[in-house]
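Residues per chain, in single letters:
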Amino acid sequence: MTLEIQNQRIVTPFSLSIHSETGIPDNHDTLIERYLSKLADIYLDSEAAEAMVREKGDILTYQVFEKDIPEVNGELRFCSSIVYPGKVGDEYFMTKGHFHSRRDTAEIYYCIRGEGFMLMETEEGAYALEAFTPGRTVYVPGYYAHRSINTGTEPLVMLPIYPGDAGHDYGTIEHTGFKHLVVESDGKPTVIENPKYTN
Ligand code: F6R
Ligand code: ZN
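Residues numbered from 1 in each chain as written. Chains lettered and ligands numbered in written order. Predicted model: local features only at pLDDT ≥ 70, side-chain atom pairs only at ≥ 80, totals over all residues. Heavy atoms only, no water.

**A look at the coordination of the zinc ion (ligand 2)**
The protein atoms donating to the zinc ion (ligand 2) are His-98 (NE2), His-100 (NE2), Glu-107 (OE) and His-146 (NE2), with metal-donor distances spanning 2.0 to 2.2 Å. Seen from the zinc ion (ligand 2), its 6 donor atoms lie at angles of 74 to 173°, and the figure they make is octahedral. The motif formed by the donor residues of the zinc ion (ligand 2), counted along the single chain, is H-x1-H-x6-E-x38-H. With Glu-107 in strand β8 (residues 107–113) and His-146 in strand β12 (residues 144–150), the pair connects residues that are 39 residues apart, well separated along the chain. When sorted by exposure, Glu-107 lands in the same class as His-146, which is buried. (Donors = N, O, S within 2.8 Å, 3.2 Å for Na, K, Ca; no water. Tetrahedral: all angles 85-135°; square planar, octahedral: opposite > 155°, others 65-115°. Helix = DSSP H or I, 4+ residues; strand = E, 2+ residues; numbered from the N terminus. Buried < 20%, exposed > 50% of the residue type's maximum accessible area, 1.4 Å probe, protein only.)

**Examining the pairing of strand β9 (residues 116–122)**
Across the 7 residues of β9, 6 count as buried, placing the element largely inside the fold. Relative to strand β10 (residues 127–132), β9 runs antiparallel, the two being bridged by 6 bridges. Residue pairing in the sheet places Phe-117 in a bridge with Ala-131 of β10. In sequence, β9 turns back onto β10 through a hairpin of 4 residues, with Gly-125 there showing a positive phi of about 105°. Pairing of β9 with β12, which is carried by 7 bridges, proceeds in the antiparallel orientation. For Met-118, the partnering residue across the bridge sits in β12 and is Ser-148. (Pairing = 2+ DSSP bridges.)

**Some remarks on the layout of surface pockets**
Computed from the structure, the largest pocket encloses a volume of approximately 310 Å³. If you go around the largest pocket, you meet 20 residues; those closest to its centre are Asp-41, Ile-42, Ile-173, Glu-174 and Gly-177. Those elements giving two or more residues to the lining of the largest pocket turn out to be α1 (36–39) and α3 (171–176). Residue contributions to the lining of the largest pocket peak at 3 residues, all from α3. Among the residues forming the lining of the largest pocket, the class breakdown is 9 nonpolar, 4 polar and 7 charged. Approximately 260 Å³ is the volume found for the second largest pocket. As for the second largest pocket, its lining consists of 18 residues, of which Val-64, His-98, Tyr-109, His-168 and Tyr-170 are closest to the centre. Looking at the lining of the second largest pocket, the elements that each hand over two or more residues are β3 (30–35), β4 (60–66), β5 (76–83), β8 and β13 (156–163). For the lining of the second largest pocket, the leading source of residues is β4, giving 3 residues. Residue composition of the lining of the second largest pocket, by class: 8 nonpolar, 6 polar and 4 charged. (1 Å grid on protein atoms, 1.4 Å probe; cavity = no way out; pocket = protein on both sides within 12 Å on 5 of 7 lines; lining within 4 Å. Points joined across faces, edges and corners; volume = space filled by probe spheres on them. Nonpolar A, V, L, I, M, F, W, Y, C, P; charged D, E, K, R; others polar.)

**Observations regarding the sheet that holds β10**
Ordered in space as β10-β9-β12, the 3 strands form an open sheet in which the pairing is antiparallel. The two strands at the open ends of the sheet, each matched to only one other strand, are β10 and β12. Averaged over all pairs of adjacent strands, the angle between strand axes in this sheet comes to 20°, irrespective of strand direction. (Axes fitted to C-alpha atoms, helices over the stretch in contact; angles between N-to-C directions.)

**Re the sheet that holds β5**
The strand order across the open sheet built from 6 strands is β3-β4-β5-β13-β8-β11, with neighbouring strands paired in antiparallel fashion. Since the sheet does not close on itself, it has two edges, and those belong to β3 and β11 (137–140), each with one partner. Averaged over neighbouring strand pairs, the angle between their axes works out to 20° when direction is ignored.

**As for empty space enclosed by the protein**
Overall, the coordinates contain 1 cavity of 30 Å³ or more when judged by the stated rule. Of the voids in this model, the largest cavity is the one considered here, and its volume is about 40 Å³. Taken together, Leu-16, Ile-18, Pro-25, Asn-27, Phe-65, Glu-66, Lys-67, Phe-78, Cys-79 and Ser-80 make up the lining of the largest cavity. Of all elements in the fold, only β4 and β5 reach the threshold of two or more residues within the lining of the largest cavity. Here the lining of the largest cavity takes 3 residues from β5, the largest share from any one element. Taken together, the residues of the lining of the largest cavity sort by class into 6 nonpolar, 2 polar and 2 charged.

**Notes on unusual backbone geometry**
Backbone geometry at Asn-7 places phi at a positive 65°, although glycine is not the residue there. Looking at where Asn-7 falls in the secondary structure, it is placed in the loop between β1 (2–5) and β2 (8–11). The backbone of Asp-186 sits at a positive phi, close to 50°, despite the residue not being glycine. As for its position among the elements, Asp-186 is in the loop between β14 (180–185) and β15 (188–193).

As structure tokens, this is what we get:
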């Protein structure tokens, strides 16, 4: 719902609850569901991803429950982002990851449940990794591509909050990949260089 104040169309006040176990909100407008069959290419071993789908059937790797908040300067968009536990080979389930179309826009991720990491990289080669545990909050500065990775055994539930006009640029990451990958090695999450990264 929107209303007009001082010639601006703004969102009317509202609230919602996000379930602390499932991460599912009691109210949303749009649900994005990402299945492994469509995401095989984001994994280092994309053939293993395709084989998993052939053998086990398709797998829901993450969901994003969104409210339709206008994508304009001044508004804040937010969602419940849930990455399910699992691995393709040694590589943990993760989001596609993206830059913001407006590169100077930052974002905050509040972790509600689960364990994992936020991988952040700039086009100039700066890199950072921050851990997600329940209650932990990650600040993603502008100019950093960001990807959330579930390294645990339960859903990784996060509340991302970002400027309305940030936008999503998926194309750059689809083309180059991230420079780093988080994989399981000796039973622990470990960062390695992505041999498929192209600059
Ligand atoms: C918005 C944002 C999150 C992600 C969500 C899914 O700027 O960062 O809402 O969109 O966590 O990840 P992607 O968009 O990479 O599929
Ligand atoms: Zn973002």
